[in-house]
Amino acid sequence: MGGKLAVISGFSGAGKGTVIKKLMEEHDGYVLSVSMTTRRPREYERDGVEYHFVTNETFEGLVRQDGFLEHAGYVDHYYGTPRAFVEENMRAGKTVLLEIEVQGAMQIREKFPEAVLIFVAPPDAAELQRRLRGRDTEKSDLVIKRLEQALTEVRSIPEYPWLVINRDVDDCARDLDRILSGDPGVCVPQGGPENAGIITDQDRKRSFAQDFSGGLERVLAES
Ligand code: 5GP
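Notes on the structure follow. (Residues numbered from 1 in each chain as written. Predicted model: local features only at pLDDT ≥ 70, side-chain atom pairs only at ≥ 80, totals over all residues. Heavy atoms only, no water.)

## With respect to the overall build of the protein chain
Of the regular secondary structure elements, the protein chain holds eight helices and 10 strands. For a compact globule of 223 residues, the expected C-alpha radius of gyration is about 17 Å, and the protein chain comes in at 17 Å, within 12% of that figure. The dimensions of the protein chain, computed from C-alpha atoms along their principal axes, are 45 × 45 × 30 Å. Out of the 223 residues belonging to the protein chain, those deemed buried represent 49%. (Helix = DSSP H or I, 4+ residues; strand = E, 2+ residues; numbered from the N terminus. Rg over C-alpha atoms; globule rule 2.2 N^0.38 Å. Buried < 20%, exposed > 50% of the residue type's maximum accessible area, 1.4 Å probe, protein only.)

Right, here's the structure in full:
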């Protein structure tokens, strides 16, 4: 198949959707896979745009027909990537973006070793909490659930070859494009001013994950 497959993971509510939107507005050649989910739409969400919203029966039927590239359970609901859209767009030479969580990302890594896996994270746990609270559709118990989920996911950061820190939407979208377009300058120098948002070094990813995890525990203890 011609095009690339790119997985963008990150804590729910951390702003990765906004970054992906920016990436597609500013750069050509990207398409976003619309996932299927059994969760209810938020107020602003439209069926077929943010997600295909389906019942458990429909979802399970498609699982049986091998209609998903990957699928996973997340905070009480199913989420999955419909296979046909991805395969068609890759054949057309597009870079297909999958905005999916960690379990799904690991399934993609198994099936498509050449897929580019990127984890997008806010600078620290306090900022994640601020962004979750700022999304006023989320009730406070849901915010806590999502922070607890983040505590599980943070351990997987070192599994991703690329960690991108999302301090600013424009910078973050540009970083994603540099990685996905194979900009040869993107790997070096580590931590230099040009690459401040991109971390590939395994030790630095681990220490970021540890600090973030400690921060989440503090934030949760205070919630
Ligand atoms: P939300 O309910 O906040 O829209 O999404 C919850 C989580 O599910 C996010 O981390 C999101 O990236 C992930 N997600 C969305 N679609 C899919 C999918 O098709 N497969 C998997 N594995 N995760 C998904």
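## Description of the pattern of salt bridges
Applying the stated criterion to the full structure yields 15 salt bridges. Across the pair E45 and R39 runs a salt bridge whose closest N-O atoms are separated by 2.8 Å. This pair shows no difference in class: E45 is buried, exactly as R39 is. When the shortest N-O distance is used, the salt bridge between R109 and E159 registers 3.0 Å. Residue R109 is found in helix α4 (residues 102–111), and its partner E159 is found in the loop between α6 (140–153) and β9 (162–165); the two are separated by 50 residues along the sequence. When salt bridges with common partners are traced through the structure, they connect K22, E26 and D170 into a single cluster. (Salt bridge = Lys/Arg side-chain N within 4 Å of Asp/Glu carboxyl O.)

## Regarding helix α1 (residues 16–26)
Within the span of α1, buried status applies to K16, V19, I20 and L23. One side of α1 holds all its buried residues, which, seen down the axis, span an arc of 100°. Among the exposed residues of α1, those oriented more than 90 degrees off its buried face are K21 and E25. Packing partners of the buried residues in α1 comprise β1 (5–9), β2 (30–32), β7 (95–99), β8 (116–121) and α7 (169–180). (Arc of directions from axis to C-beta. Contact = heavy atoms within 4.5 Å.)

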